[in-house]
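Chain and residue survey
Spelled out, the chains give:
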Protein chains: 6
Amino acid sequence: MRAPIDVRVLSPITTKGFRRPSDLKALEYDGVVVSHSQIEHGPASIESEYEIAMSVPGTIAKAIEAEREGADAIVIDCMGDPGLRAVREVVSIPVLGPAQTAMHLAAMLGHRFSVVTVLDSVVPMIENLAKVYGVDEKLASVRVIDIPVLELETEPERLTTELAQASLAAVEQDGAHAIVLGCTGFLGCAEAIAATLRTHGHVLPVIDPVPATVCMADGMVRAGLAHSKRTYGMPRDKELRGYPEIGIARYGA
Amino acid sequence: MRAPIDVRVLSPITTKGFRRPSDLKALEYDGVVVSHSQIEHGPASIESEYEIAMSVPGTIAKAIEAEREGADAIVIDCMGDPGLRAVREVVSIPVLGPAQTAMHLAAMLGHRFSVVTVLDSVVPMIENLAKVYGVDEKLASVRVIDIPVLELETEPERLTTELAQASLAAVEQDGAHAIVLGCTGFLGCAEAIAATLRTHGHVLPVIDPVPATVCMADGMVRAGLAHSKRTYGMPRDKELRGYPEIGIARYGA
Amino acid sequence: MRAPIDVRVLSPITTKGFRRPSDLKALEYDGVVVSHSQIEHGPASIESEYEIAMSVPGTIAKAIEAEREGADAIVIDCMGDPGLRAVREVVSIPVLGPAQTAMHLAAMLGHRFSVVTVLDSVVPMIENLAKVYGVDEKLASVRVIDIPVLELETEPERLTTELAQASLAAVEQDGAHAIVLGCTGFLGCAEAIAATLRTHGHVLPVIDPVPATVCMADGMVRAGLAHSKRTYGMPRDKELRGYPEIGIARYGA
Amino acid sequence: MRAPIDVRVLSPITTKGFRRPSDLKALEYDGVVVSHSQIEHGPASIESEYEIAMSVPGTIAKAIEAEREGADAIVIDCMGDPGLRAVREVVSIPVLGPAQTAMHLAAMLGHRFSVVTVLDSVVPMIENLAKVYGVDEKLASVRVIDIPVLELETEPERLTTELAQASLAAVEQDGAHAIVLGCTGFLGCAEAIAATLRTHGHVLPVIDPVPATVCMADGMVRAGLAHSKRTYGMPRDKELRGYPEIGIARYGA
Amino acid sequence: MRAPIDVRVLSPITTKGFRRPSDLKALEYDGVVVSHSQIEHGPASIESEYEIAMSVPGTIAKAIEAEREGADAIVIDCMGDPGLRAVREVVSIPVLGPAQTAMHLAAMLGHRFSVVTVLDSVVPMIENLAKVYGVDEKLASVRVIDIPVLELETEPERLTTELAQASLAAVEQDGAHAIVLGCTGFLGCAEAIAATLRTHGHVLPVIDPVPATVCMADGMVRAGLAHSKRTYGMPRDKELRGYPEIGIARYGA
Amino acid sequence: MRAPIDVRVLSPITTKGFRRPSDLKALEYDGVVVSHSQIEHGPASIESEYEIAMSVPGTIAKAIEAEREGADAIVIDCMGDPGLRAVREVVSIPVLGPAQTAMHLAAMLGHRFSVVTVLDSVVPMIENLAKVYGVDEKLASVRVIDIPVLELETEPERLTTELAQASLAAVEQDGAHAIVLGCTGFLGCAEAIAATLRTHGHVLPVIDPVPATVCMADGMVRAGLAHSKRTYGMPRDKELRGYPEIGIARYGA
């Protein structure tokens, strides 16, 4: 019997308390433990390309640390998948982005899917990710609830109501056959949304990206799979200036 | 601690002994058991659309049986994913096709992937599946080794050599960054192929579809996900003639 | 003067009387006779992937029979094109699916087309066919009238009204420049729909798939064309179990 | 018994004798007569966008004349489909381009097709037509034999040999499952090419565009279909200067 | 200091006074002069494929003249880009179509763009151009104001209002992030539309195609770039009949 | 007469002397001055996603500085377009990426284009950019010369030879009709490559991305255009930790 799989959830924002230990604990199951880390340098939340960019150096540093500490896989805790490609270059353990994973899962489970997310400002980002990941033909729409990330917790009931309404519109107007929750801050809302959809006669998967990605990370480790080093080769050794406090000095093969 | 997940591998061909119990046993891990069933009516092997068609009624019957027997998920044991969409309509537990699962995994792990399969006759089938699954932009090529399914076991060394050569050509000539083994009869060959590729300097995933799909099936069950009933709704109740011995009489909601 | 072209219309459902001799007779013209056959084993009607699957073995048997009886071409009488690819493998005469033919015709005749069909449950099937046939860029939308196949004849006026309304919506809201009737049970409705559209100022083709496909089958025979055996090669000779009563024992080259 | 269908073949080049009456006569069959006309103003042959452009005003004039003379359908006799869209605006009878028709036929008959044509200069034109017609996903390649149109007749044996070689390369290197002859000047070469391919073990359709398009034109007339007036509406009435000798003065609805 | 760049605006319609000298003068800036010419044979305005076709021979003649007169670049003054490909074959200086240029610019500046144009009849033309130019994935929608070209000047206020409304609908309903004015007759309206959009909270580019294309033409000349002669090779020398008064006799390399 | 347009070339690498003042001076012309800045924190060169990521914070800082100093437009001096989307969010002046600009230019000038670049490691990056920019249908291939960025200057003759050979292969084997130089370190090589191609009979544009992008930046400023704020909205005001020395403290609207 092998040691449990350690899936590291890496939060690429600096706001403390955004991710509760109990929430992550709830994602564990037989043979899987969920560890957590968080960047120290970067944005308070991510709702723009600028914030994506500012979150990546810290995410790279924490990913290298996670591999060094023995994590079996890394799940980046943001639906912008910040740094997914860069991180894959510098570590060998599987690195999963919840956007990539949840969108591919949705593409497998239904004819088309919609993403329901926070703000208009992240719609191009999500649509661009769908293109790069090769699932844009399966993307029916991206809908927004117009609540910023850092206000998600202030009115939990309004959040669930807005998400259910947007999901219902995606199903009935855009032809969605599956829903992907488009912000990892929506953790735990999937069941309530699915229940609302069922009351309207629609039985379909509502994918909560972090739990789903943790399970897929476990599956990838079990299957002995990791990202291609032909796509994500270790960078060549060369000088890097100006990131001492983030903990990356000189790096590369 | 919940009961182990029972993943049912369902072989849609009638040739006995094609799937060895020890091979399936080797796919089990903590918390996952692999059960097996096989169709009784249908083709000896699958290398054409005609054989796909002839394998599906039996596959439907065995899938209904699997759900009734308490399986948690079904993996159809053929890279043509025979009956995947039909079976999903008549059962509620997750049903996974190795072609769909392995191609989506490959799309997640590398920039582009190639499928290496048995015969020219299945190339259009695989390319059509890639289109329907929405991953065709990620498919670099489909290559064949020109060995029929029922001869795969006669010369195991030649099999591995041919697969490694075709995979190498896919990487160096077609730009593949990941390889999907395109026949479930290639079970167990992935590591040798990956090793050969590494000796040529190419470090990339070689996906053995049945093991990988079993792990993903486990992950889906853990994540509480199944296919969309909006896409795969239970058929309406109506008369069906002529399938008594296959065990399907009248079916539907 | 050569013998008339014999176009065999093959109905892949078991409901008797669904296809009236007089309706088929009306499709004949100088040099073309329309013969008919129907499967004996399979579903009463087709509105799901499960029913598609259950209709195919019988369709294969009847197609082999049609070729043996001297038919010049086969038209499968269902907009799911059940068994089109499998049947093409086992016969050499042209085999036409009304979905494939009507969608390609519509793509030739107008900028974009919509399909108007029976139920939500067949929408993914039609969209997947459009992808595989390579005409999805031309498909504006698929609209449904929400009447099951076996109820189409109960209220002929309501049928025509609903089809005309859905077609009008496709033209005015989805940008359709041609309409494809998405169920062969809509035979004979095209002219009334086109007339309604004209009263709203829209002059465009409404394609009744069975008559149009019969004419195209005639054209293909006249042009000496049939499907590619490179795509649809004869299956290899091998054992097939369990289809004695359907009349397929052992088959292949 | 209705009068025979009159399919007008309209040659959009000014070279006399390029199209022999006996060749067109050979395309007739029971119920179909083939009439012919030719532009008087325009290029000697078509191998460029410039020549396409210069051939269109005359083609429009001759198409209006054909409809006035009672033709049932028009087939434009060039694989650039010169004026196809413009002509469809000014006449109501079906107007078929051999490129559009042959490419859609090829897409229906095989998994992918290649076009074999005269010169490099027409490759972008053919690929652009495939995009606009919505069949580019089915186009495997365009290959050239590097013989100008007006030299096709000088060495008929070399022509057939070059076409067969290019077709064989398309099949074996580009994955073509059907061949479209990419110049209407290749009339009559299809059977010899198909025979050569068969000697290499490839049984697949080689589409001779003019005969195939004549048969499809007949089929369209029989089916009562013509191009959409929503796509190809009659132009608004307005002044046109400078085309008196081409016979178009003022035109439009 | 080099001589100013001479950008020739070539109007492919015969209506006199449509293009005012003062409007073109306003497009000049340091180092750039704008010259003008107009076809003498062809349609009064362009709203159909037929009119596109009738405008091209004259456009070719005037483009050859422009190059002979020393123009540095040519801008075709119509959003149908009539003759763009043909003209590029017969001249070497850069030839720009405002549709191609403005759509590529819009694709560069925003996530998706809409085109707002005159009449339904030109929508397929614009969508086809987007396909051929390779920007159709970026095209959110084409909207029309339903005012014919030759009536644009009669009610300038209504024109601006209709354009602003259609643009607003494109932004709010179709997801446009940039607007392309879809008729060169809309010259000068961009700023008013952008202002209206701003009052609704939308800050985005509204591209006036002729001014933008003049600037891009200047940029191309400065960069030493012109269209590829591999795509747009000089036609082969051959006889051309019937265009003496348009000034093209025999042409080609 | 307005003040000259100031186009700021912003080099996102820390290697001093990589960009020579004389090279930038040579890009100036009447009415255009080229200013320069360079990041102080980040990688020595860019050949991976990791280095892209590490270059972006500094690039953002320098872009904000450029706008504050009165630059009229910014050209990011790397074919990975590092930070293009993030930078556009935080400034209002036009920001151009040479990859985006050169690929759109190439798509406008020829039927298809190839990119010739440094190393295999950047191929996925360039292909992903082509997808996001919407020009992937026009991209024939990406070829590499296998010389790292920091060795480009060591053997200038070998560099030109390798680039010419790769370009020739792109034209003759991949069907490229235009070439985009895929590294801004190739500055100045375009003419020699074009000359070599001409000796092989191929007359086509070879786009040197920095000079071409400077000219397009000038054109955009002249046309009064900038990126859409609907796509690239100013980020919301929120805390950012850990970038003091890069000069970004707290940012946003």
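Keep in mind it's a predicted model, so treat the numbers as computed, not measured.

**Topic: the relation of the copies chain D and chain C**
When chain D is fitted to chain C, the residual RMSD is 0.0 Å, and the transformation amounts to a turn of 180° plus an axial shift of 0.0 Å. Expressed as a symmetry operation, the mapping of one chain copy onto the other fits a two-fold axis. Closest approach to the rotation axis within chain D is made by the C-alpha atom of G219 of chain D, at a distance of 2.8 Å. Counting the interface residues of chain D, we find that 100% of their copies in chain C are interface residues as well, pointing to one common contact surface.

**Concerning the environment of V135 of chain C**
By the element assignment, V135 of chain C lies in the loop between α5 (123-133) and β7 (139-144). Accessibility expressed as a C-beta count within 10 Å gives 27 for V135 of chain C, which makes it buried. For the pair V135 of chain C and R112 of chain C, spaced 23 residues apart in sequence, the C-alpha to C-alpha distance is 9.7 Å. In contact with V135 of chain C, not counting residues within four places along its chain, are M103, H104, A107 and A130 of chain C together with G134 of chain D.

**Comments concerning the domain arrangement of chain A**
Residues and elements named next belong to chain A. What the domain assignment reports for chain A is domain 1 (5-97 + 211-246) and domain 2 (99-209). A separation of 22 Å is found between the C-alpha centroids of domain 1 and domain 2. Listed as interface residues are 20 residues of domain 1 and, on the opposing side, 23 residues of domain 2. Sort the elements by how many residues they give to the side of domain 1 that touches domain 2 and helix α8 (residues 209-223) lands first, with 4 residues. Considered class by class, the residues forming the side of domain 1 that touches domain 2 number 9 nonpolar, 6 polar and 5 charged.

**Here we look at the environment of H41 of chain C**
Mapped onto the elements, H41 of chain C comes out in the loop between β2 (32-38) and β3 (42-43). It is 20 Å that separates the C-alpha atoms of H41 of chain C and V95 of chain C, two residues lying 54 residues apart in sequence.

**Quick notes on the pairing of strand β4 (residues 73-76) of chain C**
All names here are of chain C. In β4, alternate side chains face the same way, and those of A73 and V75 on one face and I74 and I76 on the other are all buried. Sheet analysis places strand β1 (residues 5-11) next to β4, joined by 4 bridges and oriented parallel. Of the residues in β4, the one forming a bridge with V7 is A73. Handedness of the crossover joining β4 and strand β5 (residues 95-96) through helix α3 (residues 84-90) is recorded here as right-handed.

**Section: unusual backbone geometry**
With glycine set apart, most residues show a phi of negative sign, and most peptide bonds adopt trans. At D81 of chain B, a position not held by glycine, the phi torsion is positive, near 45°. Summarising the element assignment, D81 of chain B is placed in the loop between β4 (73-76) and α3 (84-90). One non-glycine residue with positive phi stands out, namely D146 of chain F, at about 60°. Within the secondary structure, D146 of chain F sits in the loop between β7 (139-144) and α6 (156-174).

**Observations regarding the sheet that holds strand β7 (residues 139-144) of chain A**
The pairing of strands in a sheet happens through backbone hydrogen bonds and is either parallel or antiparallel. Residues and elements named next belong to chain A. Read across the sheet, 4 strands follow the order β7-β6-β8-β9 without closing on themselves; strand pairing throughout is parallel. Strands with a single pairing partner mark the edges of an open sheet, and in this sheet they are β7 and β9 (206-207). Here helix α6 (residues 156-174) sits on the sheet and contacts β6 (113-117), β7, β8 (178-181) and β9; the angle it forms with β7, its principal contact strand, is near 150°.

**Regarding the packing of helix α4 (residues 98-109) of chain D against helix α5 (residues 123-133) of chain D**
Working note: a packed helix pair is described by the angle between its axes plus the distance between those axes. All names here are of chain D. Look at α4 against α5: their axes get within 10 Å of each other, and the N-to-C directions meet at 70°. On the basis of the axis angle, α4 is roughly perpendicular to α5. Every pair of crossing elements has a handedness; the one defined by α4 and α5 is right-handed. Contact residues: A99, Q100, M103 and H104 in α4; I126, L129, A130 and Y133 in α5. Looking at side-chain class alone, the contact of α4 with α5 contains 6 nonpolar, 2 polar and no charged residues.

**Details of helix α7 (residues 190-199) of chain D**
Residues and elements named next belong to chain D. Among the residues of α7, those classed as buried are A190, I193, A194 and L197. Projection of α7 onto a plane perpendicular to its axis shows the buried side chains occupying an angular sector of 100°, all on one side. Opposite the buried face of α7, by more than 90 degrees, sit the exposed residues E191, A195 and T199. Residues of α7 that are buried make contact with α6 (156-174), β8 (178-181) and β9 (206-207). Residue G201 follows α7 closely and has a positive phi angle near 85°.

**Things to note about the arrangement of the chains**
In this structure chain A stays clear of chain D, and the shortest span between their C-alpha atoms is 14 Å. The closest approach of any C-alpha atom in chain C to one in chain F is 14 Å; the two make no contact.

**Points about the sheet that holds strand β6 (residues 113-117) of chain D**
Residue and element names in this part refer to chain D. The parallel open sheet is built from 4 strands, whose spatial order is β7-β6-β8-β9. What marks the edges here is a single partner per strand, and that holds for β7 (139-144) and β9. Pairing of β6 with β8 involves 4 bridges; the strand directions are parallel. Bridge assignment links S114 to a residue of β8, and that residue is I179. Of the strands in this sheet, β6 and β7 touch α5, which is tilted by about 160° from β7.

What counts, and where the lines are drawn
- Residues numbered from 1 in each chain as written.
- Chains lettered and ligands numbered in written order.
- Predicted model: local features only at pLDDT ≥ 70, side-chain atom pairs only at ≥ 80, totals over all residues.
- Least-squares fit on C-alpha atoms with pLDDT ≥ 70 in both.
- Contact = placed C-beta atoms within 7 Å.
- Helix = DSSP H or I, 4+ residues; strand = E, 2+ residues; numbered from the N terminus.
- Buried ≥ 20, exposed ≤ 12 C-beta atoms within 10 Å, placed from the backbone.
- Domains from an automatic or database assignment.
- Nonpolar A, V, L, I, M, F, W, Y, C, P; charged D, E, K, R; others polar.
- Pairing = 2+ DSSP bridges.
- Right-handed = clockwise from strand over helix to strand, strands pointing away.
- Axes fitted to C-alpha atoms, helices over the stretch in contact; angles between N-to-C directions.
- Parallel < 35°, antiparallel > 145°, perpendicular 65-115°, else oblique.
- Left-handed = near helix turned anticlockwise from the far one by under 90°.
- Arc of directions from axis to C-beta.

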